[in-house]
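# Close look at the chain arrangement
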Amino acid sequence: MAVDELQAIIQRCQILEEADFRGEDYNLFQVAGQKCLEDGYAAQLLEVMQNEKNKVIIKNMGWNLISPLVRCILAYKQESDQREHCLKILDQLVQLCNPKELFLGLLEQIEQASGEQVCPTVMLLLQPLQTVLLKLQNKKAYSVGLSLAMIMNQLTPLPVPYTKQQIQEDKLGLCQCCNAVVDFAKPFVNEVVKNMEKSSEYNDMELREELLKFCMKSLKYPLLTAQLEQVEGIEEHPFRHFAAEIIDILLDIRELMPLVFLHHKGRKSYWENQEFEDIERKNSADSLACLSYLMFVQHFGINCFPVVFSPSYLLQCNMTHIEVLLKRTEESMLSKGLDLFESCLLRMEDNSLLHQYLEFRNFINVPQDLVKVMTLCPIEHLRKKSLNILQLFIDKFDAEGKYTLFRCLLKTSNHAGVEGYIIQNIKDQVHLSLTKEHDNVWFTGHHLISLLDLVLLLPEGAETDLLQNSDRIMASLNLLRYLVIKDCESDNQTGVWTTLAKIEKNFLKPLHVGLNMSKAHYEAEIKNKKENKREAHSSSAICSLTVSGEKMPAMTTEMQLQVLHSALFTFDLIESVLARVEELIEVKVKAVMDENI
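Right, let's walk through the structure included here. (Residues numbered from 1 in each chain as written. Predicted model: local features only at pLDDT ≥ 70, side-chain atom pairs only at ≥ 80, totals over all residues. Heavy atoms only, no water.)

### Focus: the environment of glutamate 489
Put simply, the rule reads: By the criteria applied, helices consist of DSSP H or I runs no shorter than four residues and strands consist of E runs no shorter than two, each listed in order from the N terminus. In this scheme, a residue with accessible area under 20% of its type's maximum is buried, one over 50% is exposed, and one in between is partly exposed, where area comes from a 1.4 Å probe on protein chains only.
On the secondary structure map, glutamate 489 appears in the loop between helix H23 (470-486) and helix H24 (500-536). Judged by relative accessible area, which is 30%, glutamate 489 ranks as partly exposed. Glutamate 489 sits 99 residues away from lysine 588 along the chain, and the two C-alpha atoms are 7.5 Å apart.

If you want it as structure tokens, here you go:
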């Protein structure tokens with residue numbers, strides 16, 4: 001019987017001195033104790049543990065029971081007597097065993113947990129692990145850091161609950177576990193705070209550095225992935241609570257403001273391997289981006305934030321973080337990047353952002369990333385939001401800044417819809433320049449002519465795909481029509497009349513040729529489809545069609561004809577606006593000639 005075997009080894013060891021314990025004794029104790037646990041004799045094992053005569057034996061050998069003990073606790077139902085006995089055994093081991101050996105045993109159990117067992121194992125062992133760490137005299141900072149790193153490494157592969165239902169269910173226990181880990185860290189935070197209060201020249205940086213590493217890991221996971229907006233129906237959002245606790249730790253150890261403002265100086269790298277150093281730099285960038293989101297969007301720790309910085313400086317500080325987030329494809333991270341960008345822009349007045357800011361690399365990269373979100377992101381509400389934020393960004397610049405930004409986006413967007421949108425913005429700025437009392441040199445005269453060189457042309461001349469570029473072409477024609485109507489040839493404020501010959505050569509004439517070619521091609525396609533349809537005697541035959549260089553999904557002949565007719569309608573629309581522009585030019589030129597005569 002397991003209990004008899006245990007009693008036998010206990011009686012044998014009771015008469016031995018501590019120094020006389022042999023490896024065989026350790027093995028026999030572990031086997032007998034494990035059998036007691038597995039056979040349901042936890043109560044008898046607990047009695048052995050609580051016997052004062054066995055203290056020395058338990059101190060030396062007890063830690064070997066950690067593994068079977070954890071397995072049994074996790075296997076038993078929550079309210080069972082056996083589980084309660086096992087928990088009391090664990091408490092006894094924590095009180096009696098050598099802290100160093102017990103620390104390694106507890107950490108090993110956390111490391112070996114996987115899948116659905118990770119959070120229950122961590123939750124079970126956090127309190128014992130904390131007690132053991134507080135007992136350690138040597139290498140406490142290292143041991144605390146190792147514990148926190150091990151716990152976070154085990155949690156990181158787990159999916160982060162994102163929807164309201166997932167957060168409420170907390171299927172794997174991650175929400176509860178994250179907040180328990182913060183409670184686990186608090187005594188060590190208090191120790192750092194206490195030591196800093198004792199001396200303004202507190203030099204023991206090791207424990208502080210380990211806590212900082214924990215906070216940085218927590219910012220990347222789970223907070224960067226988590227949904228952190230207030231959710232109706234959830235009274236206390238677990239991840240918002242966790243975020244607030246992480247910010248409080250950074251405040252307590254005096255690392256919050258240095259992270260927000262001094263991150264560009266970087267910290268000492270401990271890696272000789274360049275690949276590892278690059279990974280650490282990327283992880284740090286993700287964490288700092290999440291920190292900025294928490295402060296400037298969710299306003300965690302904002303009460304401690306200095307109010308002396310200008311909105312433009314705060315935007316400059318955050319552009320690095322915005323760029324990091326906008327390069328990601330996950331909804332949770334993209335939305336954080338958009339929210340952070342929007343929050344920074346809303347602090348600013350229109351036309352207040354100086355054009356010199358565009359000399360910073362991030363101020364050029366971020367709008368280009370924004371364009372990619374607008375055109376490539378599969379999530380509709382993020383595409384719409386990115387478009388609104390691009391307009392907000394444009395509105396904040398002074399006239400020269402808008403001008404420079406327009407040139408950049410026209411050259412880099414490679415998307416007809418975006419180019420059409422920018423051209424519409426150019427038209428709006430020209431309108432303001434012509435209607436204001438003071439002149440705006442950036443959207444009149446030679447500056448505007450330089451911009452029109454990018455706008456009023458076909459990328460590939462007459463062979464340009466007019467259907468694919470229809471948004472851009474229509475916006476360009478509307479801008480030209482506006483300039484011809486609003487700017488008299490005698491005033492020529494915009495300079496459009498002096499460059500009319502160039503516009504006709506590079507834009508209007510190639511557009512005429514392109515329209516004729518495109519209409520002829522599509523009309524021939526329609527004729528072919530109709531003939532094929534008659535031959536097949538069925539409109540349900542499945543065919544393929546290529547439009548704008550892209551093969552369309554399989555469609556019936558009837559569907560293909562609809563697409564082809566739609567393309568012809570687009571060409572007719574372009575042609576009608578083109579005719580109106582040419583008519584306006586002709587009328588104005590004739591009027592001037594008549595005046596001269």
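### Topic: the nonpolar core
A general feature of soluble globular proteins is that nonpolar side chains tend to end up buried together. Here is the rule we go by: Residues enter a nonpolar core if they are buried and are Ala, Val, Leu, Ile, Met, Phe, Trp, Tyr or Cys, with the set joined through side-chain atoms within 4.5 Å. When checking whether two residues touch, look at their non-hydrogen atoms; a contact exists if any pair is within 4.5 Å.
Ranked by size, the top nonpolar core spans 185 residues in total, and within it Leu155, Leu294, Phe341, Ile426, Leu477 and Leu511 carry the most contacts. The element contributing the most residues to this core is helix H11 (residues 174-198), with 13 residues. Sequence-distant contacts of phenylalanine 341, defined by excluding residues within four places in its chain, comprise Leu315, Met319, Ile322, Val366, Leu370, Ile389 and Phe393.

### With respect to the packing of aromatic side chains
Threshold: Here the aromatic set is Phe, Tyr and Trp, taking the six-membered ring for Trp, and pairing holds for ring centres within 6.5 Å; pairs whose planes are under 30 degrees apart are stacked, those over 60 apart are edge-to-face, and all others are tilted. Charge-over-ring placement is defined geometrically: NZ (Lys) or CZ (Arg) within 6 Å of the ring centre, and within 35 degrees of the ring normal.
Per the counting criterion, the structure on display carries 14 aromatic pairs. Taken together, a centroid distance of 6.0 Å and an interplanar angle of 45° make the contact between tyrosine 357 and phenylalanine 360 tilted. A relative accessible area of 14% means that tyrosine 357 is categorised as buried. On the numbers, 6.2 Å between centres and 45° between planes, the contact of phenylalanine 360 with phenylalanine 363 is tilted. Pairwise contacts between aromatic rings join Phe341, Tyr357, Phe360, Phe363, Phe393 and Phe397 into one cluster. When the ring centre of tyrosine 293 is taken as reference, the NZ or CZ atom of lysine 336 above it lies at 5.5 Å.

### Thoughts on the pattern of salt bridges
Spelled out, the test is: What counts as a salt bridge is simple: a side-chain nitrogen of Lys or Arg found within 4 Å of a carboxyl oxygen of Asp or Glu.
Here the structure, examined in full by the defined rule, presents 22 salt bridges. Arginine 208 is the salt-bridge partner of glutamate 255, the closest N and O atoms lying 3.6 Å from each other. Highlighted residues: glutamate 255 in the loop between helix H13 (238-252) and helix H14 (256-261) and arginine 208 in helix H12 (residues 205-223), separated in sequence by 47 residues. Assessed through its relative accessible area of 5%, glutamate 255 is described here as buried. Among the residues examined, arginine 208 registers a relative accessible area of 13% and is labelled buried. Among the ionic pairs, lysine 385 bridges to aspartate 339, the shortest N-O distance being 2.3 Å. In this pair, lysine 385 is assigned in helix H19 (residues 380-396) and aspartate 339 in helix H17 (residues 331-346), connecting sequence segments 46 residues apart. Note on aspartate 339: relative accessible area 13%, which makes it buried. Here the salt bridges do not stand alone but share partners, grouping Lys220, Asp286, Arg328 and Glu330 into one network.

### What about helix H9 (residues 140-155)?
We count it as follows: Residue count minus one, scaled by 1.5 Å, sets the expected span of a helix.
End to end, H9 covers 23 Å across 16 residues, agreeing with the expected 22 Å (1.5 Å per residue, within 8%). The buried fraction of H9 amounts to 13 of the 16 residues, a majority that puts the element mostly inside the structure.

### Considerations on the packing of helix H3 (residues 42-50) against helix H6 (residues 81-96)
The following threshold applies: Geometry is summarised by axes, namely lines fitted to C-alpha atoms with helices restricted to the contacting stretch, and by angles between N-to-C directions that run from 0 to 180 degrees. If an angle is under 35 degrees, it is roughly parallel; if it is over 145, roughly antiparallel; if it lies from 65 to 115, roughly perpendicular; otherwise it is oblique. In a left-handed crossing the near helix is turned counterclockwise from the far helix by less than a right angle, and in a right-handed crossing that turn is clockwise. Each residue is assigned to one class: nonpolar for Ala, Val, Leu, Ile, Met, Phe, Trp, Tyr, Cys and Pro, charged for Asp, Glu, Lys and Arg, and polar for all the others, Gly among them.
Packing of H3 against H6 brings their axes to within 9 Å, and their N-to-C directions diverge by 25°. The pairing of H3 with H6 is recorded here as roughly parallel in orientation. In this structure, the crossing between H3 and H6 has a hand that is left-handed. Taken together, the residues of H6 that come into contact with H3 (itself represented by Ala42, Ala43, Leu45, Leu46, Met49 and Gln50) are Gln82, His85, Cys86, Lys88, Ile89, Gln92, Leu93 and Leu96. Of the residues belonging to the contact of H3 with H6, the class tally is nine nonpolar, four polar and one charged.

### Some points on the side chain of aspartate 398
Under the convention used in this document: Charged residues are defined here as Lys and Arg on the positive side and Asp and Glu on the negative side; His and the ends of the chain fall outside this count. Think of a polar contact as two N or O atoms within 3.5 Å of one another; within protein, one of them needs to be a possible hydrogen donor and the other a possible acceptor, and neighboring residues in sequence only count if both atoms come from side chains.
Among the secondary structure elements, aspartate 398 is positioned in the loop between H19 and helix H20 (399-412). Despite being buried, aspartate 398 has no salt bridge partner; lysine 402 is the closest side chain of opposite charge, sitting 6.9 Å away. Among the polar contacts listed, one links the side chain of aspartate 398 to the backbone nitrogen of histidine 355, at a separation of 3.1 Å.

### Digging into the packing of helix H8 (residues 118-135) against H11
As a packed pair, H8 and H11 sit with axes 10 Å apart at the nearest point and diverge in direction by 5°. As summarised for this structure, H8 and H11 are arranged roughly parallel, according to the angle between their axes. Listed contacts from H11 to Cys119, Val122, Met123, Leu126, Leu129, Gln130, Leu133 and Leu134 of H8 are Leu174, Gln176, Cys177, Ala180, Val181, Asp183, Phe184, Pro187 and Phe188. Looking at the contact of H8 with H11 residue by residue, the classes come out as 14 nonpolar, two polar and one charged.

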